[in-house]
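Per-entry structural report
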Protein chains: 2
Amino acid sequence: MSLDRLIEKIAETQNPTVVGLDPKLEYVPEFIKAAAFAEHGETLKGAACAILEFNKGIIDAIYKEVPAVKPQLAFYEMLGVDGIKAFYETCEYARARGMYIIADGKRNDIGSTAEGYAAAYLGKVQIGANEFEPFPVDSLTVNGYLGSDGIEPFTEICEEYDKSIFVLIKTSNPSSWEIQDKMIDNTPVYEVMGELCGNWGLQSLGKYGFSAAVGAVVGATYPKQIAEMRAKLPFIFFLIPGYGAQGGKGEDLKAAFDSRGLGGIVNSSRAVMCAWQKEKCDENDYASAALREVLRMKNELINIIGEIKI
Amino acid sequence: MSLDRLIEKIAETQNPTVVGLDPKLEYVPEFIKAAAFAEHGETLKGAACAILEFNKGIIDAIYKEVPAVKPQLAFYEMLGVDGIKAFYETCEYARARGMYIIADGKRNDIGSTAEGYAAAYLGKVQIGANEFEPFPVDSLTVNGYLGSDGIEPFTEICEEYDKSIFVLIKTSNPSSWEIQDKMIDNTPVYEVMGELCGNWGLQSLGKYGFSAAVGAVVGATYPKQIAEMRAKLPFIFFLIPGYGAQGGKGEDLKAAFDSRGLGGIVNSSRAVMCAWQKEKCDENDYASAALREVLRMKNELINIIGEIKI
């Protein structure tokens with residue numbers, strides 16, 4: 001089952017980290033951009049080619065040490081059709097190296113449309129006698145503001161194709177309080193969303209005690225809420241963004257994890273992609289710098305949560 | 001300013017309707033599919049080609065009578081990279097015929113990522129010395145669950161490039177009550193979202209008394225909420241889905257409109273795209289059937305709201 005596979009990869013690498021592939025052009029070394037622009041000009045295609053090459057270098061450097069990548073769809077969509085092609089090829093490249101792929105798209109819509117998103121990222125599409133996988137990913141982030149009938153098309157497809165979703169509960173950004181922390185009969189909105197998420201997840205318990213199809217997004221920048229939601233939802237696996245560049249600290253994450261070292265996967269995007277800029281190393285070494293940051297983060301997390309045992 | 005342009009087109013056509021282009025393959029006449037599959041095989045590319053041709057036929061039939069189209073991104077994403085290309089070309093085709101284009105993507109994320117979505121759909125992207133428009137659209141639907149810092153990147157881009165967003169307030173689906181109707185100090189969540197939307201919109205008042213950059217999505221299936229939100233947000237233009245196939249009726253919409261016949265634009269997707277199936281007419285006449293349904297709906301709405309005067 002899908003999140004069981006993720007948990008097994010986390011245990012195998014002893015690393016509860018997912019690397020966010022949110023490549024902006026300014027993160028990409030000059031030599032990669034120069035080659036891409038020489039071939040395709042300073043165009044959307046040239047930029048898409050540059051970020052794909054950049055991603056491939058990072059994936060090659062980290063795939064033995066990191067269980068998962070999380071490409072952020074916005075950064076591919078901003079390069080138009082060519083960007084979406086780079087997204088596809090990034091996912092394909094990571095999958096070929098055995099990584100678990102979480103498409104960060106925060107998709108949401110009414111049921112009949114959610115079916116479309118579910119088929120796009122988690123399912124297959126029948127065209128005449130043939131079946132196609134529109135995008136090769138394992139998991140998708142979703143927004144539950146529309147309620148159950150906007151989520152069920154995803155959970156059904158997860159069941160059918162062994163995939164997973166992560167539902168936004170408490171997001172890592174400063175303004176998340178404006179809706180998410182408002183109180184409904186002494187319960188904050190994020191907890192009401194968490195309860196719904198729990199109901200959706202209970203239908204698919206996996207072999208490690210977590211829902212194998214439904215996880216939740218809880219920001220590293222809100223440690224109190226991580227602890228609260230862990231207590232309320234012991235069977236929901238967390239995707240935890242906001243570590244590093246957004247200010248979330250390793251020790252703040254401890255509450256997400258149980259005595260086996262299981263409970264969540266922590267995202268780092270900019271700190272890994274821009275490690276070469278922070279280190280001020282030779283730009284040719286950007287991928288090794290990414291690996292160094294990944295290993296530093298892995299050690300920090302393992303020091304806090306202990307050895308991961310399944 | 002962007003929604004002023006939409007309002008002017010609504011007045012010009014005397015038609016407060018947006019046609020949702022949410023093409024599933026089963027809506028497309030056989031002759032179109034046969035031609036596309038003959039050229040590209042029964043593939044994602046073949047399917048994307050078929051829906052593009054289908055869309056073009058509908059756009060050609062309706063563009064003089066309808067101010068706007070609303071392609072739903074999910075149905076293009078489910079055909080992979082080729083589907084996104086069909087989305088791009090659909091938008092380009094509709095724009096060339098003067099239509100206002102609302103990309104229905106319900107995008108949302110933290111600020112730095114929302115900037116990416118804003119650039120993708122509403123802005124431009126700088127690559128070296130060149131500037132590109134990733135997708136040729138005028139407006140994007142967005143989900144405000146993350147709060148102001150996830151919306152401001154959109155409103156800034158709207159200001160810069162004369163575009164608009166529609167924020168989900170009360171969605172048309174049956175489960176929307178699960179979060180949206182919960183009470184926060186005697187105020188339902190959708191109204192709290194509406195207040196935020198009002199704040200975002202007040203910064204950009206246009207010449208017809210409505211925010212020219214920020215509108216709201218309120219489902220035709222919830223007439224009481226339409227009336228409530230109209231009273232609370234007299235300066236916010238509504239995008240109203242759920243008419244027709246989802247059960248929303250013309251008379252239920254009256255409260256959205258003021259004495260000038262302004263206040264919202266009503267979406268119809270399946271009723272227009274599948275008019276030829278409902279009429280059981282020759283499939284070659286699918287586009288004329290779409291136009292007949294558009295004119296029927298226009299008359300129904302104009303009978304209710306009266307002549308549109310600006």
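Above this text you will find the structure in question.
Residues numbered from 1 in each chain as written. Chains lettered and ligands numbered in written order. Predicted model: local features only at pLDDT ≥ 70, side-chain atom pairs only at ≥ 80, totals over all residues. Heavy atoms only, no water.

1. Overview of the overall build of chain A
Secondary structure summary: chain A contains 13 helices and 12 strands in total. Relative to the compact-globule value of 19 Å for 310 residues, chain A shows a C-alpha radius of gyration of 19 Å, a close match. Across its three principal directions, the C-alpha atoms of chain A cover 60 × 55 × 40 Å. Scored against the burial criterion, the 310 residues of chain A give a buried share of 65%. Sequence-distant contacts in chain A: of pairs separated by 6 or more residues, those separated by 24 or more amount to 73%. For chain A, the exposed area adds up to about 10,400 Å²; of that, 50% sits on carbon and sulfur atoms. In chain A, 31 side chains carry a positive charge and 43 a negative one; their mean positions are 5 Å apart. (Helix = DSSP H or I, 4+ residues; strand = E, 2+ residues; numbered from the N terminus. Rg over C-alpha atoms; globule rule 2.2 N^0.38 Å. Buried < 20%, exposed > 50% of the residue type's maximum accessible area, 1.4 Å probe, protein only. Contact = heavy atoms within 4.5 Å. Areas by Shrake-Rupley, 256 points an atom, 1.4 Å probe, with all protein chains shown as cover. Lys, Arg positive; Asp, Glu negative; His and termini not counted. Charge placed at Lys NZ, Arg CZ, Asp CG, Glu CD.)

2. Quick look at the environment of Ala-61 of chain B
Looking at the secondary structure, you find Ala-61 of chain B in helix H3 (residues 44-62). Leaving out residues up to four positions away in the same chain, Ala-61 of chain B has contacts with Ala-287 and Leu-291 of chain B.

3. A short note on the interface of chain B and chain A
In this assembly, 72 residues from chain B lie in contact with 72 residues from chain A. Together, the buried faces of chain B and chain A total about 5,500 Å²; carbon and sulfur atoms form 62% of this surface. At the junction of chain B with chain A, the criterion picks out 4 salt bridges. A salt bridge links Arg-107 of chain B to Glu-77 of chain A; the shortest N-O distance between them is 2.8 Å. At the boundary of chain B and chain A, one finds 33 residue pairs in polar contact (both at pLDDT 80 or more). The greatest single-element share of the side of chain B that touches chain A, amounting to 8 residues, is contributed by helix H6 (residues 111-121) of chain B. Its residues assigned to classes, the side of chain B that touches chain A comprises 37 nonpolar, 21 polar and 14 charged. (Buried area = accessible area lost by both parts, 1.4 Å probe. Salt bridge = Lys/Arg side-chain N within 4 Å of Asp/Glu carboxyl O. Polar contact = N/O pair within 3.5 Å; in protein donor to acceptor, adjacent residues only side chain to side chain. Nonpolar A, V, L, I, M, F, W, Y, C, P; charged D, E, K, R; others polar.)

4. Considering the sheet that holds strand S3 (residues 100-107) of chain A
Residue and element names in this part refer to chain A. Sheet architecture is closed into a barrel: 8 strands sit in the order S1-S2-S3-S6-S7-S10-S11-S12, paired in parallel fashion. Between one strand and the next, the sheet's axes are offset by a mean angle of 30°, whatever the strand orientation. Packing of helix H10 (residues 223-232) onto the sheet brings it into contact with strand S7 (164-170), strand S10 (214-218) and strand S11 (238-240), and relative to S11 it is tilted by some 170°. (Pairing = 2+ DSSP bridges. Axes fitted to C-alpha atoms, helices over the stretch in contact; angles between N-to-C directions.)

5. Quick look at the relation of the copies chain B and chain A
The transformation that overlays chain B on chain A combines an axial shift of 0.0 Å with a rotation of 180°, and the residual RMSD is 0.0 Å. Seen this way, the second copy is the image of the first under a two-fold rotation axis. Across chain B, the smallest distance between a C-alpha and the rotation axis is recorded for Ile-184 of chain B, namely 2.5 Å. Both copies share a contact surface, since 100% of the interface residues of chain B are interface residues in chain A too. (Least-squares fit on C-alpha atoms with pLDDT ≥ 70 in both.)

6. With respect to the pairing of S3 of chain A
All names here are of chain A. The element S3 is extensively covered by neighbouring structure, given that 8 of its 8 residues are classed as buried. The alternating pattern of S3 places Tyr-100, Ile-102, Asp-104 and Lys-106 on one face and Ile-101, Ala-103, Gly-105 and Arg-107 on the opposite face, and all of these are buried. Relative to S3, strand S2 (residues 68-71) runs parallel, the two being bridged by 2 bridges. Bridging from a neighbouring strand, Ala-68 pairs with Tyr-100 of S3.

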